[in-house]
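Residues per chain, in single letters:
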Amino acid sequence: MSRAQTLRRAPLNRDRVLRAAVALADDAGIEALSMRHLAQELGVVPMALYKHVANKEELLDGMVDVIVGEIDPPTHADWKDAIRQRILSARQALLGHRWASQVIESRTQATPAVLDYMDSLMGIFRAGGFSVDLTTM
């Protein structure tokens, strides 16, 4: 069974739409991502996507959340090791999705996943003894 046939058989939901959009951007580049092209990949009509994402901007925000979700949470107690782990994991996620940096930088508002990531980093720095001023610079 081909990838397209497998994708067509699974019910459409937000997570499936976002992951398919990430895969499409990985394969064809972010410039090739359109609601029409994504619908074609999923084997649905374009209007079916709008039940799960309101527009392309919401699609891009969701794709950012998928990528940020790939970053490993900190597992080290030492702040230096925890920060190093988070940064290396973020680097690995971004290297796996070459288009992601461009999309993340284009967002006008941070998504919940991005805010959680930033909060985690600030929490690590604060636990390491950094002041609020140094943490938020």
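Residues numbered from 1 in each chain as written. Predicted model: local features only at pLDDT ≥ 70, side-chain atom pairs only at ≥ 80, totals over all residues. Heavy atoms only, no water.

Asks: Help me get a handle on the packing of aromatic side chains, residues and values and all.
Replies: Inspection of every chain in the model, using the stated rule, returns 3 aromatic pairs. Seen in terms of ring centroids, Trp79 and Phe125 are 6.0 Å apart; in terms of plane orientation they differ by 50 degrees. Their pairing is tilted. Highlighted residues: Trp79 in helix α6 (residues 79-96) and Phe125 in helix α8 (residues 112-127), separated in sequence by 46 residues. Judged by relative accessible area, which is 25%, Trp79 ranks as partly exposed. Arranged with centres 4.8 Å apart and planes meeting at 80 degrees, the rings of Trp79 and Phe130 form a pair that is edge-to-face. (Phe/Tyr/Trp six-rings, centres within 6.5 Å; stacked < 30°, edge-to-face > 60°. Helix = DSSP H or I, 4+ residues; strand = E, 2+ residues; numbered from the N terminus. Buried < 20%, exposed > 50% of the residue type's maximum accessible area, 1.4 Å probe, protein only.)

Asks: Report on the packing of helix α2 (residues 14-28) against helix α5 (residues 56-69), specifying residues and quantitative values.
Replies: Look at α2 against α5: their axes get within 9 Å of each other, and the N-to-C directions meet at 85 degrees. If you check the angle between α2 and α5, you find them roughly perpendicular. Residues Arg14, Val17, Leu18, Arg19, Ala21, Val22 and Ala25 of α2 pack against Glu58, Leu59, Gly62, Met63, Val66 and Ile67 of α5. Within the contact of α2 with α5, the residues separate by chemical class into 9 nonpolar, 1 polar and 3 charged. (Axes fitted to C-alpha atoms, helices over the stretch in contact; angles between N-to-C directions. Parallel < 35°, antiparallel > 145°, perpendicular 65-115°, else oblique. Contact = heavy atoms within 4.5 Å. Nonpolar A, V, L, I, M, F, W, Y, C, P; charged D, E, K, R; others polar.)

Asks: Help me get a handle on the pattern of salt bridges, residues and values and all.
Replies: As enumerated under the stated definition, the model contains 4 salt bridges in all. Between Arg107 and Asp61 there is a salt bridge whose closest N-O contact spans 3.0 Å. Taken as a pair, Arg107 in the loop between α7 (100-106) and α8 and Asp61 in helix α5 lie far apart in primary sequence, 46 residues in all. Classification of Arg107 by relative accessible area gives buried; the value is 15%. Each of Glu57, Asp61 and Arg107 takes part in a single network of salt bridges with overlapping partners. (Salt bridge = Lys/Arg side-chain N within 4 Å of Asp/Glu carboxyl O.)

Asks: Account for α5, with residues named and values stated.
Replies: Its 14 residues give α5 an end-to-end C-alpha distance of 20 Å, which sits within 8% of 20 Å, the value for a rise of 1.5 Å per residue. All of the buried residues in α5 are Leu59, Leu60, Gly62, Met63, Val64, Val66, Ile67 and Val68. The inward-facing, buried residues of α5 abut α2, α3 (35-42), α6, α7 and α8. With a side-chain oxygen lying 3.1 Å from the backbone nitrogen of Glu57, the N-terminal cap of α5 falls on Asn55. (Expected span 1.5 Å × (residues − 1). Polar contact = N/O pair within 3.5 Å; in protein donor to acceptor, adjacent residues only side chain to side chain.)

Asks: Break down the nonpolar core for me, with residues and values.
Replies: Ranked by size, the top nonpolar core spans 34 residues in total, and within it Ile30, Leu33, Leu38, Leu49, Leu59, Met63 and Trp99 carry the most contacts. Counting only elements with at least two residues in this core, the list comes to α2, α3, α5, α6, α7 and α8. Not counting chain neighbours up to four residues away, the residues in contact with Leu38 comprise Val17, Ala20, Ala21, Leu24, Leu33, Leu49 and Leu59. (Core = buried A, V, L, I, M, F, W, Y, C linked by side-chain atoms within 4.5 Å.)

Asks: Which residues make up α3, and what are the values?
Replies: Within an α-helix, residues lying three or four positions from one another point in the same direction, as the helix has 3.6 residues per turn. Among the residues of α3, those classed as buried are Met35, Leu38, Ala39 and Leu42. Angular distribution of buried residues about the axis of α3 spans 100 degrees; they occupy a single face of the element. Along α3, the residues that are exposed and aim more than 90 degrees away from the buried face are Arg36 and Gln40. Note on α3: the residue one or two positions beyond its end, Gly43, has a positive phi of about 75 degrees. (Arc of directions from axis to C-beta.)

Asks: For the confidence of the model for the protein chain, give the residues involved together with the corresponding values.
Replies: Per-residue confidence for the protein chain gives a mean pLDDT of 92, with 93% of residues at or over 70. Between the elements of the protein chain, mean pLDDT differs from a low of 58, seen in helix α1 (residues 3-9), to a high of 98, seen in α2. (pLDDT = per-residue confidence, 0-100.)

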